[in-house]
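# Understanding the architecture of this molecule
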Amino acid sequence: MSEKELRRSLSVLPIGTVMKLTDLSARQIRYYEEQGLVMPERNDGNRRMYSLNDIDRILEIKDYLDDGLNISGIKEVYKKQQQLEDEKKNHQDTQLTDSDVRRILEDEFLHISGLMPPSSTFNNQKL
DNA sequence: TTTCTTACA
DNA sequence: TGTAAGAA
């Protein structure tokens, strides 16, 4: 991991700073954590400490919400991304190319952002 | 002062 | 999601 990545992953921001940076309420920020969308560290007194990566994550969540996605929809987006990353890691037993990954993700975006049925996202065969 | 958790006329 | 209450 590069030094840059390490710095971005250092949790040094209290929720108050995150509120100003994201223009979200503490309530909302904590709620996203409850939903497993972000997992900030805790310091001494059980206070949440966020990293720059967390900030990006939260801003991303905010954008998705503005685009009409609900929490469950966002969860699926991240689930999909992680799923694709895993497959990418086992590049040998799968036949997915980078362009395939990009296409699948694109498809998911349109699918999910268009107010999809909660259970219609498991039909991602192998193209 | 700031943040945490819990709960809801 | 907001807000109040009590604790840390």
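Per chain, residues are indexed from 1 in the order of the written sequence. The naming scheme follows written order: chains are lettered A onward, ligands numbered 1 onward. Given that this is a predicted model, residues contribute local features only at a pLDDT of at least 70 and side-chain atom pairs are listed and counted only at 80 or more, while totals for whole chains, interfaces and linings are drawn from all residues. Excluding hydrogens and water, the side-chain figures rest on all heavy atoms present in the structure.

A word on the confidence of the model for chain A. Overall, the predicted model of chain A reaches an average pLDDT of 85, with 85% of residues at or above 70. The predictor attaches a confidence to each residue, and that confidence, scored 0 to 100, is pLDDT. When checking whether two residues touch, look at their non-hydrogen atoms; a contact exists if any pair is within 4.5 Å. In the model, residues 117-127 has pLDDT below 50 throughout and makes 15 contacts with residues more than four positions away in sequence or in other chains.

Around DNA strand C lies a shell formed by Ser25, Arg27, Gln28, Tyr32 and Arg47. Polar contacts here mean pairs of N or O atoms no more than 3.5 Å apart (in protein, one a potential hydrogen donor and the other a potential acceptor; neighbouring residues in sequence count only if both atoms are side-chain atoms). Within the side chain of Arg27, an N or O atom sits 2.6 Å from a base oxygen of DNA strand C. One of the side-chain nitrogen or oxygen atoms of Gln28 is found 2.5 Å away from a phosphate oxygen of DNA strand C. Think of it as three bins: nonpolar holds Ala, Val, Leu, Ile, Met, Phe, Trp, Tyr, Cys and Pro, charged holds Asp, Glu, Lys and Arg, and polar takes everything else, Gly as well. When grouped by side-chain class, the residues that make up the surface near DNA strand C number one nonpolar, two polar and two charged. Being near a molecule or strand, for a residue, comes down to having at least one heavy atom within 4 Å of it.

The local shell around DNA strand B consists of Pro14, Ile15, Gly16, Arg30, Arg42, Asn46, Arg47 and Arg48. Sugar plus phosphate, as a fraction of atoms of DNA strand B within 4 Å of the protein: 80%. Contacts to DNA strand B include Gly16, whose backbone N or O atom sits 2.8 Å from a phosphate oxygen. For the surface near DNA strand B, the per-class residue count stands at two nonpolar, two polar and four charged.

Right, let's talk about the pattern of salt bridges for a bit. Two side chains carrying opposite charge are able to pair once their charged atoms lie near each other. The working definition used for a salt bridge is a side-chain nitrogen of Lys or Arg within 4 Å of a carboxyl oxygen of Asp or Glu. Under the defined criterion, the tally for this structure stands at three salt bridges. The closest approach of N and O atoms between Arg8 and Asp56, which form a salt bridge, is 1.9 Å. Taken as a pair, Arg8 in helix 1 (residues 3-8) and Asp56 in helix 4 (residues 52-66) lie far apart in primary sequence, 48 residues in all. Here Arg42 and Glu33 are joined by a salt bridge, their closest N and O atoms 3.7 Å apart. Relative accessible area decides the class of each residue, using a 1.4 Å probe on protein chains only: under 20% of the type maximum gives buried, over 50% gives exposed, and in between gives partly exposed. Residue class for Arg42 comes out partly exposed when judged on its relative accessible area of 38%. Via salt bridges that share partners, Glu33, Arg42 and Arg48 belong to a single interconnected network. Segments assigned H or I by DSSP are reported as helices when at least four residues long, segments assigned E as strands when at least two residues long, and all are numbered from the N terminus.

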